[in-house]
Amino acid sequence: MTTPPDVVRSAYAQLVVTDLDRASWFWVDMLGFHTQYEDKSLLCLRGTDELTHHSLVLRKGETAALDHISYRVRTPEDVDRAERYFTALGLPVRRVPKGSGTPGVGDAVRVIDPLGFPVEFFHDIERAERLIQRYDLRRGAEIARLDHFNICTPDIPAAYDHYKALGFGCSETIEGDEHELYAAWMYRKQTVHDVAFTAGAGPQLHHVGVATHESHQVLRTADLFGSLGQEHHIERGPGRHGVSNAFYLYLRDPDGHRVEIYTSDYYTGDPDHETYRWNVHDDRRRDFWGNAVIESWYKEASPVLDLDGRPRPVTGPVLDESAVQVGADGLGIVDPGRQDG
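Remember, predicted model here, so these are calculated numbers, not experimental data. (Residues numbered from 1 in each chain as written. Predicted model: local features only at pLDDT ≥ 70, side-chain atom pairs only at ≥ 80, totals over all residues. Heavy atoms only, no water.)

## Looking at the nonpolar core
Then, in step 1: Judged by nonpolar contacts, the single largest core of 59 residues is most densely connected at Trp27, Leu31, Leu58, Tyr71 and Tyr163.
Then, in step 2: For Trp27, the residues in contact, after removing those within four places along its chain, are Leu15, Gly32, Phe33, Leu45, Leu56, Leu58, Asp253 and Val259.
Then, in step 3: By size, the runner-up hydrophobic cluster in this structure holds eleven residues, among which are Val192, Val243, Tyr262 and Val280. (Core = buried A, V, L, I, M, F, W, Y, C linked by side-chain atoms within 4.5 Å. Buried < 20%, exposed > 50% of the residue type's maximum accessible area, 1.4 Å probe, protein only. Contact = heavy atoms within 4.5 Å.)

Below you can see the structure in the form of structure tokens.
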């Protein structure tokens, strides 16, 4: 059996945006990302705590989409393992030599994974100046780091099995009365998650999660958008999830990409850490307290591109009004026979 790569953590997301200036206003001026590299078609951004070149890349293009998500692996040899592993699965695989892909990233491998997502694996990346105590540079939401990806897929068990095979642990799930799997939060770094799965039409990106240190920074983010008359960018929150215990605010960028401003999750690094299992009928999984989920939460997500930059087709259930609504806390239905498509 082919050995999978040893994944360390979620490393960065690369998004296609249609207006780089507007995107910079949102992600840099309002959320507080630091610009590490820029040219006329690309921005590489990072949070205050991050010591690598970037955790978010914005690439100018005609149609907003997810270009790829990226995981850092433990050694250069793990890049080779990723190539062999996904090749053995019969999936599209492309080697990306240093200098031919995203700025700052060394040799990498990009694949279309079993769920249909464009995913990159790399080890080498340029280091960046330490900004942890550069309080004079902080602004906006004071984003500290990338935390996670939340992805939409019609087959949650398949997503769980794929990431389990890559060595991910599972912190929390949402399950039915017969233990049907509606959603899962999976990790390599020792927090609640590096990736979570939303059941629904996919492959699509539901959101990118970025972390702040304190809850008041989440509230400050809402105040900043409100003070400028830009509160329409706020989609949901502030509130606290039951799942993950996160104190959150969800916003949409000028192209509709969804971002979660996130704090207050917990440590998962003990070897005997147990998965916490929520019942799908327990509404506190969705909100320990906070605002009701709105329709766009279930129906809107970012499309994804293939390795040649073409939109990937979306497949999966079309849910009717009898669906059990779980959203990015997992979107599922009680009766699988009600799925269409």
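Moving on, there is more to tell.
## Things to note about the sheet that holds strand β7 (residues 108–112)
Picture the strands of a sheet paired through backbone hydrogen bonds; they go either parallel or antiparallel.
Then, in step 1: With respect to topology, eight strands assemble into an open sheet ordered β2-β3-β4-β1-β5-β8-β7-β6, the strand pairing being mixed. If you trace the sheet from one side to the other, it starts and ends with β2 (34–39) and β6 (93–96), each paired once. In this sheet, neighbouring strand axes are inclined to one another by 20° on average, regardless of whether the strands run parallel or antiparallel.
Then, in step 2: In this sheet, strand β5 (residues 65–73) lies alongside strand β1 (residues 7–17) in antiparallel orientation, the contact comprising eight bridges. From the neighbouring strand, Ala13 faces β5, where its bridge partner is Ile69.
Then, in step 3: This element, helix α2 (residues 76–88), spans β5, β6, β7 and β8 (118–122) of the sheet and lies at about 160° to β6. (Pairing = 2+ DSSP bridges. Helix = DSSP H or I, 4+ residues; strand = E, 2+ residues; numbered from the N terminus. Axes fitted to C-alpha atoms, helices over the stretch in contact; angles between N-to-C directions.)

## Brief notes about helix α3 (residues 156–165)
Then, in step 1: Every buried residue of α3 is accounted for by Ile156, Ala159, His162 and Tyr163. The buried residues of α3 all sit within an arc of 125° when viewed along its axis, so they share a single face.
Then, in step 2: Two or three places before Ala158, at the opening of α3, Asp155 has a side-chain oxygen 3.0 Å from that residue's backbone nitrogen.
Then, in step 3: Looking one or two residues past α3, Gly167 carries a phi angle of roughly 90°, positive in sign. (Arc of directions from axis to C-beta. Polar contact = N/O pair within 3.5 Å; in protein donor to acceptor, adjacent residues only side chain to side chain.)

## Concerning the UniProt feature "domain: VOC" (unreviewed entry) in the protein
Then, in step 1: In the numbering used here, UniProt assigns the "domain: VOC" (unreviewed entry) feature to residues 9–124 and 145–264.
Then, in step 2: As annotated, residues 145–264 comprises 19% helix and 46% strand, and the C-alpha atoms at either end are separated by 13 Å. (UniProt positions renumbered as here; feature names shortened; annotations may be inferred.)

## With respect to the pattern of salt bridges
Then, in step 1: On inspection of all chains with the given rule, the structure shows 22 salt bridges.
Then, in step 2: One salt bridge connects Asp6 with Arg188, and the closest N-O pair in it is separated by 2.6 Å. Here the residue Asp6 occupies a position in the segment before β1, and Arg188 occupies one in the loop between β11 (181–187) and β12 (195–199), the gap between them amounting to 182 residues.
Then, in step 3: Asp6 gets classed as partly exposed once you look at its relative accessible area, which sits at 24%.
Then, in step 4: Classification of Arg188 as partly exposed rests on a relative accessible area of 25%. (Salt bridge = Lys/Arg side-chain N within 4 Å of Asp/Glu carboxyl O.)

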